[in-house]
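Breakdown of the fold
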Amino acid sequence: MDDPNFFNHIYEVTRQIPAGRVTSYGAIAKFLGSPNYSRMVGRAMGECGKANPPVPYYRVVNSTGHLTGDPSAGRRRRELLESEGVEVKDDKIQNFKKVFWDPSKEINYE
């Protein structure tokens, strides 16, 4: 990745995910023109703790709606999502298609 600001671009997109909605690592990577960089998006989520303004990392899940990443943070992610009305069962988003937010369809940078 040649863009030194790639993580910041990821954070900008993530901050736009509305409460009660989720997106995937791949959807963010695709939106940013780097469809093969899903893992890099995941890495950015793992390193966003000191980003300001804060990044709602917990709203980013894998392409099947499962909570992934640091297992020790899974409970906190579930709690944060549930506090926004997102139903999570066995670390999987319920009604995934209904709550999925696609940045390619939702963000307009014209």
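Residues numbered from 1 in each chain as written. Predicted model: local features only at pLDDT ≥ 70, side-chain atom pairs only at ≥ 80, totals over all residues. Heavy atoms only, no water.

The name an unreviewed UniProt entry assigns to the chain is MGMT family protein, from the organism Mucilaginibacter jinjuensis.

A word on helix α3 (residues 38-46)
Put simply, the rule reads: Exposure is judged per residue with a 1.4 Å probe applied to protein chains only, and the accessible area is read against the type maximum: over 50% gives exposed, under 20% gives buried, and values in between give partly exposed. Working definition: helices are DSSP H or I runs of at least four residues, strands are E runs of at least two. Numbering for both runs from the N terminus. The arc under discussion is defined with respect to the helix axis, by the directions toward the C-beta atoms. The contact criterion used is simple: two residues touch if any of their non-hydrogen atoms lie within 4.5 Å.
Within α3, burial applies to Val41, Ala44 and Met45. Taken end-on, α3 shows its buried residues confined to a sector of 100°, consistent with a single buried face. Turned more than 90 degrees off the buried face of α3, the exposed positions are Arg39 and Gly46. In this structure, the buried residues of α3 make contact with α1 (6-14), α2 (25-31) and β2 (60-61).

Looking at the pattern of salt bridges
To be explicit about the condition: Criterion for a salt bridge: a side-chain nitrogen of Lys or Arg within 4 Å of a carboxyl oxygen of Asp or Glu.
Under the counting rule described, the total for this entry stands at four salt bridges. Note that Glu79 is salt-bridged to Arg75, the shortest N-O span being 3.3 Å. Note that Glu79 and Arg75 are positioned in helix α4 (residues 74-83) at a spacing of four residues, about one turn of the helix. Given a relative accessible area of 33%, Glu79 falls into the partly exposed group.

Points about the environment of Glu47
Positionally, Glu47 belongs in the loop between α3 and β2. The residues contacting Glu47, other than those within four sequence positions of it, are Phe7 and Tyr11.

Brief notes about the layout of surface pockets
The condition that has to hold: Points on a 1 Å grid over protein atoms alone make up a cavity when a 1.4 Å probe fits among them but cannot get out, and a pocket when they form an open set with protein on both sides within 12 Å along at least five of seven lines; lining residues each have an atom within 4 Å of a point. Grid points are joined across faces, edges and corners, and a volume is the space filled by probe spheres set on the points.
Of the pockets and cavities examined, the largest pocket occupies roughly 220 Å³. Taken together, Tyr25, Gly42, Met45, Gly46, Cys48, Gly49, Tyr57, Thr68, Gly69, Asp70, Ala73 and Arg77 make up the lining of the largest pocket. In terms of residue count, α3 provides more of the lining of the largest pocket than any other element does, three residues in total.

Remarks on unusual backbone geometry
Asn52 connects to Pro53 through a cis peptide bond whose omega is 0°. Along the chain, Pro53 turns up in the loop between α3 and β2. In the Ramachandran plot, Asp91 falls in the positive-phi region, its phi being about 60° despite a non-glycine side chain. Here Asp91 shows up in the loop between β3 (88-89) and β4 (92-93).

Things to note about the side chain of Arg77
As a reminder, the rule being used: Charge counting treats Lys and Arg as positive and Asp and Glu as negative, with His and both chain ends excluded.
Looking at the secondary structure, you find Arg77 in helix α4. Buried and unpaired, Arg77 has Asp91 as its nearest opposite-charge partner, separated by 8.2 Å. Filtering out sequence-adjacent residues up to four positions away, Arg77 remains in contact with Tyr25, Tyr57, Tyr58, Val60, Val61, Leu67, Thr68 and Gly69.

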